[in-house]
Amino acid sequence: VWDSFSTGNEFHGLELGFAYQVDRGRWSWDAVGKMALGSMHQMVDVDGYTRITAPAGAPAMNEGGLLALPTNIGQSSRDKFTMIPELNLNLQSQLTERLDLTLGYSLVWITNVARSGDQLDFTVNPSQLPGGGGLVGAPRPAPRFEDTSMWVQGVNFGLSYEF
């Protein structure tokens, strides 16, 4: 039994932002804020199969696994308006005349992201399982096209030497 739920996301849009920097002797800090607006192209691909081997026969391949069945197998895509705000903060110290140390933090929030785990429908109509004889009753698992938001965080450290 094999099930595959895969997703893809492509953002196309415009990004605008600001940058601010303060220098105080050997110390400086900067802040960068950005906002991207545009379209998130979401793609969902559901596939599955079951291989049944009889004791004295050749393996038979059937469409559908356990959660990927004929009622939800296939590819679909859509476009949704998306906002992606981003904030970057950096603190820099001039350790010597030529050596600088930088510490920073980044935070990005991405809306309307299709993720593989969100596409699973755990309600299964057993009549459509391979060898079940055909669908009787509700067509489950049903195709889902769910999306969510996600946070991405990062920390950076740097040393730069100028010669």
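As a starting point, this report considers the structure included with it. These figures come from a predicted structure and were not determined experimentally. (Residues numbered from 1 in each chain as written. Predicted model: local features only at pLDDT ≥ 70, side-chain atom pairs only at ≥ 80, totals over all residues. Heavy atoms only, no water.)

**Observations regarding the side chain of Ser93**
Its place among the elements puts Ser93 in strand 4 (residues 74-94). Discounting residues that sit within four places of it in the chain, Ser93 has contacts with Arg26, Trp27, Leu99, Asp100 and Leu101. (Helix = DSSP H or I, 4+ residues; strand = E, 2+ residues; numbered from the N terminus. Contact = heavy atoms within 4.5 Å.)

**Structural notes on the environment of Thr82**
For Thr82, the location among the structural elements is in strand 4. When the C-alpha positions of Thr82 and Ala36 are compared, they lie 8.0 Å apart, and in sequence the two are 46 residues distant. Once you skip the residues sitting within four places of it in the chain, Thr82 turns out to touch Phe11, Ala36, Leu37, Gly38, Met40, Thr111 and Asn112.

**Here we look at the pattern of salt bridges**
Scanning the entire structure with this criterion turns up 3 salt bridges. For Arg140, the salt bridge identified is with Asp121, shortest N-O distance 2.7 Å. Linking Arg140 in the loop between strand 5 (99-113) and strand 6 (148-161) with Asp121 in the loop between strand 5 and strand 6, this pair joins segments that are 19 residues apart in sequence. One salt-bridge network, in which partners are shared between bridges, spans Arg78, Lys80 and Asp147. (Salt bridge = Lys/Arg side-chain N within 4 Å of Asp/Glu carboxyl O.)

**Concerning the pairing of strand 3 (residues 59-63)**
Across the 5 residues that make up strand 3, only a small minority, 0, are buried. Here strand 2 (residues 27-53) runs beside strand 3; their pairing, made up of 5 bridges, is antiparallel. Considered in strand 3, the bridge of Thr53 is made with Pro59. Two successive antiparallel strands, strand 2 and strand 3, enclose a turn made up of 5 residues. (Buried < 20%, exposed > 50% of the residue type's maximum accessible area, 1.4 Å probe, protein only. Pairing = 2+ DSSP bridges.)

**A short note on the environment of Asp3**
Here Asp3 is to be found in strand 1 (residues 2-24). For Asp3, a relative accessible area of 27% translates into the label partly exposed. At 3.1 Å, the side chain of Asp3 and the backbone nitrogen of Leu66 are in polar contact. (Polar contact = N/O pair within 3.5 Å; in protein donor to acceptor, adjacent residues only side chain to side chain.)

**Section: the pairing of strand 2**
In this structure, strand 1 lies alongside strand 2, joined through 23 bridges in antiparallel fashion. Paired with Ala19 across the two strands is Val32, which belongs to strand 2. Between strand 1 and strand 2, which pair antiparallel one after the other, the connecting turn spans 2 residues, and Gly25 there sits at a positive phi close to 65°. Taken together, the 20 bridges between strand 2 and strand 4 define a ladder with antiparallel strand orientation. Paired with Ser39 across the two strands is Phe81, which belongs to strand 4.

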